[in-house]
Amino acid sequence: MNRRSIDLKTSLGECAAKGQHDKMRNLATEIAELKSTVDLVADLEVKKVELAEMGHLMAGARESSDNEMVAMAREEIATCMQDISTLERNILVELLPKDTSDKANAILEVRAGTGGGEASLFAMELFNMYQNYANVKGWSFEVLSTSESEVGGYRDATASVSGNGVFGRLKYEMGVHRVQRVPETETQGRVHTSTVTVAILPEAEEADVNINEKDLKIDVYRSSGNGGQSVNTTDSAVRITHLPTNTVVCMQDERSQHKNKSRAMKVLKARLYDLERERLRSERDSQRSEQIGTAARSERIRTYNFPQDRLTDHRVALSRFEIENIMAGETLDEFLEDLIVHQQAKALLELEKEMDNQQQTEQQQ
């Protein structure tokens, strides 16, 4: 690993001399990631030395019948062994295949599903939950567009979320979120079930997506609204269609046509980048086994049961109470941590099986 680190630093210097900024950025990222693993390995070697020293110390204490020293050495050995086990697991986690988009910013899309007005109200609440969560994490949350329903909720809403490791955490939110509660308009106290679909797309860099202007159809039109001052009197709304994939993005929240076009292009790039990621992922069946669920937008991932004050994630059979704290974005991280730990445990199991199979093959040869 040290040799690899030296090679990367040499390549970084060469790219700097040639002014290859994109390659420099990628190399710098790989160096930083490798340093974390190298540091863990160094810590592991230190702990192994400590364990050997404690072993010698305890052996000497036993020979001299120093029971107090034996007891102290035994405690130190137990602590060292626990630390070694933790470090070994962390090193394996570092060596697991990584999603290169985990550190990217993300495009968040929330859409009301089945359930009529109640679904749109819950869509708005989920959108606000992610905004609250972004505030807790210190991320930037920019609302790109919202489409209100007749009851005041959101038919759909889109935002750009920026910060450290945004996509790597929010990607676990992709799927169908189901809510069970008594609507305010329900007079007989019956519990209604509604759904909301959440999509999380890694925000594409310029180098990630190459869009040919000839493949775009751009239409401008007058934005719609609730009347009064909120309705534009100019053709500021923008609809962009990517003809090869028939991907359509509309923006009308800004009064400036230029701003709406810029926002629409940001979302379009993210969608096209996501399509390409999905195409590549479908070609790597082995990688699917390392994911939680299918990460499909049609997969029901979570149920919010308000009468029981309970939230259940169906992918890991995890339930927590105090929904209001979760909806405020305060304890959502606990869910995401559990999902990440579950994914890592599953991926480690796959890695161990692969290593065992490889060892058996080598022994047979």
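Notes on the structure in this doc start here. (Residues numbered from 1 in each chain as written. Predicted model: local features only at pLDDT ≥ 70, side-chain atom pairs only at ≥ 80, totals over all residues. Heavy atoms only, no water.)

The subject of this paragraph is the pattern of salt bridges. Considering all chains together, one arrives at 20 salt bridges under this definition. Residue Arg 169 is joined to Glu 337 by a salt bridge in which the shortest nitrogen-to-oxygen separation is 2.9 Å. Of this pair, Arg 169 sits in helix α5 (residues 166-170) while Glu 337 sits in helix α9 (residues 332-364), and the two are 168 residues apart along the sequence. Taking the relative accessible area as the measure of exposure, Arg 169 reaches 15% and is therefore buried. You can call Glu 337 partly exposed: its relative accessible area is 38%. (Salt bridge = Lys/Arg side-chain N within 4 Å of Asp/Glu carboxyl O. Helix = DSSP H or I, 4+ residues; strand = E, 2+ residues; numbered from the N terminus. Buried < 20%, exposed > 50% of the residue type's maximum accessible area, 1.4 Å probe, protein only.)

This next bit is on the sheet that holds strand β5 (residues 192-202). Strand pairing within a sheet occurs via backbone hydrogen bonds; the two strands may be parallel or antiparallel. Here 8 strands make up an open sheet; going across it, the order is β2-β3-β1-β5-β4-β9-β10-β11 and the pairing mixed. In this open sheet, the two edge strands, each paired with only one partner strand, are β2 (140-148) and β11 (318-321). For this sheet the average axis-to-axis angle between neighbouring strands, irrespective of direction, equals 15°. Note that β2 and strand β3 (residues 154-162) share 8 bridges and pair antiparallel. The partner of Thr 146 across the bridge, within β3, is Ala 157. Running at roughly 165° to β11, α9 makes contact with β9 (300-305), β10 (310-313) and β11 of the sheet. (Pairing = 2+ DSSP bridges. Axes fitted to C-alpha atoms, helices over the stretch in contact; angles between N-to-C directions. Contact = heavy atoms within 4.5 Å.)

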